Amino acid sequence: MIAIREVEQVDDHLVAAMTRLLPQLSRSAPPPTTQSLDAIVTSPATTLLVADDDASGTGPDRIVGTLTLAVFQIPSGVRAWIEDVITDERSRGRGIGEALTRRALEIAAASGARTVDLTTRPSREVANRLYLRLGFEPRETNVYRYPSGG
Ligand SMILES: CC(C)(COP(=O)(O)OP(=O)(O)OC[C@H]1O[C@@H](n2cnc3c(N)ncnc32)[C@H](O)[C@@H]1OP(=O)(O)O)[C@@H](O)C(=O)NCCC(=O)NCCS
């Protein structure tokens, strides 16, 4: 069975699992560390969700998916962003991405967020279908990125 939970404590299993999952989204992302994950978990603005598969033992393999939600207050209201949604290759097509996203939407709503935004490349067809199915609507806006070098 799959269970979605909010990470409250960073441990070696989490670091190992995120090290396995993150390259499945981005080959250029720096490898996660205890410190970088701890920064997400301890920040009031971010929630790190993971999907546990109880059929995959008790080690890092148990963690088969992840999503990070950011919720923040700006002058126009409370806003939320979903980032870094990843299901492990061997666990895809079982509703884990959907369950992670639904939980994030619940947390965002409970936090008073007016909107929940995300971006995904058109080439990520499974992801685009997932978000449309859950009720996300394409937004007419230009998305810009400044490569600030950090
Ligand atoms: C996008 C991603 C997170 C989706 O994860 P997932 O856990 O496979 O998502 P779901 O299982 O909820 O949905 C995927 C498909 O499985 C189907 N599905 C869900 N549960 C199912 C079940 N029990 N039986 C059969 N099919 C099922 C869904 O209907 C969906 O089908 P579709 O692609 O034809 O629309 C995953 O593909 C991934 O990690 N991709 C690489 C990283 C990425 O692109 N992340 C998104 C960045 S924005």
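Described in the following lines is the structure provided in the data block. (Residues numbered from 1 in each chain as written. Predicted model: local features only at pLDDT ≥ 70, side-chain atom pairs only at ≥ 80, totals over all residues.)

## Some thoughts on the overall build of the protein
Put simply, the rule reads: Only runs of H or I of at least four residues qualify as helices and only runs of E of at least two qualify as strands under DSSP, and these elements are numbered from the N terminus. We take the radius of gyration over the C-alpha atoms and set the globule estimate at 2.2 Å times the residue count to the 0.38 power. Counts of 20 or more other C-beta atoms within 10 Å of a residue's own C-beta define buried residues, counts of 12 or fewer define exposed ones, and intermediate counts define partly exposed ones; C-beta atoms are placed from the backbone.
When its secondary structure is counted, the protein shows 4 helices and 5 strands. Scanning the protein from its N terminus toward the C terminus, one meets helices and strands in the order β-α-α-β-β-β-α-β-α. Computed over C-alpha atoms, the radius of gyration of the protein comes to 15 Å, within 12% of the 15 Å expected from 2.2 N^0.38 for 150 residues, which places it in the range of a compact globule. For the protein, the proportion of its 150 residues judged to be buried stands at 21%.

## Remarks on the sheet that holds strand E2 (residues 46-53)
Note the threshold: Paired strands, in this sense, are two strands between which DSSP finds at least two bridges. Lines fitted to C-alpha atoms define the axes here, with helix axes fitted over just the stretch in contact, and angles between the N-to-C directions of these axes take values from 0 to 180 degrees. Contact between two residues is assigned when their C-beta atoms, built from the backbone, lie within 7 Å.
Reading across from one edge, E1-E2-E3-E4-E5 is the order of the 5 strands in this open sheet, with mixed pairing throughout. The strands lining the two open edges of the sheet, one partner per strand, are strand E1 (2-6) and strand E5 (115-117). This sheet shows a mean twist of 25° between the axes of neighbouring strands, independent of strand direction. The pairing of E1 with E2 spans 5 bridges and is antiparallel. By the bridge assignment, Glu-6 is partnered in E2 with Leu-49. Against the sheet, helix H1 (residues 12-21) contacts strand E3 (63-74) and strand E4 (77-87), and its axis sits at roughly 95° relative to E3.

## A look at the site of the ligand
This is how it is decided: Each residue receives a C-beta atom built from its backbone; the residue is near a molecule or strand if that atom lies within 6 Å of it. Each residue is assigned to one of three groups, with Ala, Val, Leu, Ile, Met, Phe, Trp, Tyr, Cys and Pro labelled nonpolar, Asp, Glu, Lys and Arg labelled charged, and all others, Gly among them, labelled polar.
Near the ligand, the surroundings consist of 18 residues, among which Thr-87, Arg-92, Gly-95, Gly-97 and Glu-98 are the closest. With 4 residues, the single largest contributor to the shell around the ligand is helix H4 (residues 125-133). Looking at the shell around the ligand residue by residue, the classes come out as 7 nonpolar, 6 polar and 5 charged.

## Concerning the nonpolar core
Grouped burial of nonpolar side chains is what soluble globular proteins tend to show. As a reminder, the rule being used: To define a nonpolar core, we join buried Ala, Val, Leu, Ile, Met, Phe, Trp, Tyr and Cys residues through C-beta atoms within 7 Å and take the resulting set.
The biggest cluster of nonpolar side chains holds 24 residues, and the ones touching the most others in it are Leu-49, Leu-67, Leu-69, Leu-100, Ala-104 and Ala-108. Elements represented by at least two residues in this core include exactly H1, E2, E3, E4 and helix H3 (96-110). Looking at which element gives the most residues to this core, the answer is E3, with 5 residues. Those residues within four positions of Leu-69 in sequence are excluded, and the remaining contacts are Thr-46, Thr-47, Leu-49, Ala-80, Ile-82, Ala-104, Ile-107 and Ala-108.

## Points about the pairing of E4
Judged from the 9 bridges that link them, E3 and E4 form a sheet pairing that is antiparallel. Within the sheet, the bridge partner assigned to Thr-68 lies in E4 and is Glu-83. Taken together, E3 and the strand that follows it, E4, pair antiparallel across an intervening segment of 2 residues. In this structure, E4 lies alongside E5, joined through 3 bridges in parallel fashion. Across the sheet, the residue bridging to Trp-81 is Asp-117, located in E5.

## Topic: the environment of Asn-142
Of note, Asn-142 is situated in the segment after H4. Residues Asn-142 and Asn-128, spaced 14 residues apart in sequence, show a C-alpha to C-alpha distance of 17 Å.

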